[in-house]
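# Coordinate analysis (summary)
Here's the letter readout for the chains.
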Amino acid sequence: QVQLVESGGGLVQAGGSLELSCAVSGSPYSIDSMSWYRRPPGKQREFVAAITKSGLTDYAASVKGRFFISRGNNKHTISLQMNTLKPSDTAVYYCSTDYVDGNRRPDRSWGQGTQVTVSS
């Protein structure tokens with residue numbers, strides 16, 4: 001019902017910035033929330049940021065004040081602005097959404113991920 005495609009990853013130096021984007025497609029009944037997760041090398045996936053349909057945002061303590069999640073200029077996208085990047089931010093970043101499908105059943109979808117590498 002929903003497909004997600006991330007873009008914007010790359011290699012940056014510590015202190016730099018990147019903006020990730022997530023394009024949404026499909027035919028959900030509604031999208032309840034969208035979020036970003038990341039998987040550092042050799043570690044478990046962890047929460048990064050989320051935004052609800054009402055616009056409320058939430059951030060992991062490790063990125064609070066540096067990362068900002070928002071709906072993009074295109075209403076079918078969301079963005080993650082990442083500032084003051086640290087080497088510990090290096091990870092594969094995944095876009096995810098909680099949504100209600102056409103049969104009015106809740107579901108969740110994940111993108112394939114985009115690599116972010118921060119050098120010291």
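Scope of this entry: the structure provided in the associated data block.

Parameters and conventions
Residues numbered from 1 in each chain as written. Predicted model: local features only at pLDDT ≥ 70, side-chain atom pairs only at ≥ 80, totals over all residues. Heavy atoms only, no water. Helix = DSSP H or I, 4+ residues; strand = E, 2+ residues; numbered from the N terminus. Contact = heavy atoms within 4.5 Å. Disulfide = S-S within 2.5 Å. Buried < 20%, exposed > 50% of the residue type's maximum accessible area, 1.4 Å probe, protein only. Phe/Tyr/Trp six-rings, centres within 6.5 Å; stacked < 30°, edge-to-face > 60°.

With that settled, consider the environment of Val 2. Position of Val 2 relative to the elements: it lies in strand S1 (residues 2–7). Along the chain, Val 2 and Ser 96 lie 94 residues apart, while their C-alpha atoms are 10.0 Å from each other. The contacts of Val 2, once residues within four sequence positions are left out, are Val 24, Ser 25, Gly 26, Pro 28, Thr 97, Tyr 99 and Ser 109.

Scanning all chains against the criterion turns up one disulfide. Through a disulfide, Cys 22 is tied to Cys 95; the S-S separation comes to 2.1 Å. Every disulfide takes its handedness from the sign of the S-S torsion; for Cys 22 and Cys 95 that torsion is -85°, giving left-handed. On the criterion of sequence distance, the pair formed by Cys 22 in strand S3 (residues 18–26) and Cys 95 in strand S9 (residues 91–100) is long-range, its members being 73 residues apart. For the pair shown, Cys 22 and Cys 95 are each scored as buried.

This part covers the packing of aromatic side chains. Counting across every chain of the model gives three aromatic pairs. Ring geometry for Tyr 37 versus Phe 47: centroids 5.6 Å apart, planes at 75°, classification edge-to-face. One end of the pair, Tyr 37, is in strand S4 (residues 30–39); the other, Phe 47, is in strand S5 (residues 46–52), with ten residues separating them in the sequence. Since its relative accessible area comes to 26%, Phe 47 is described here as partly exposed.

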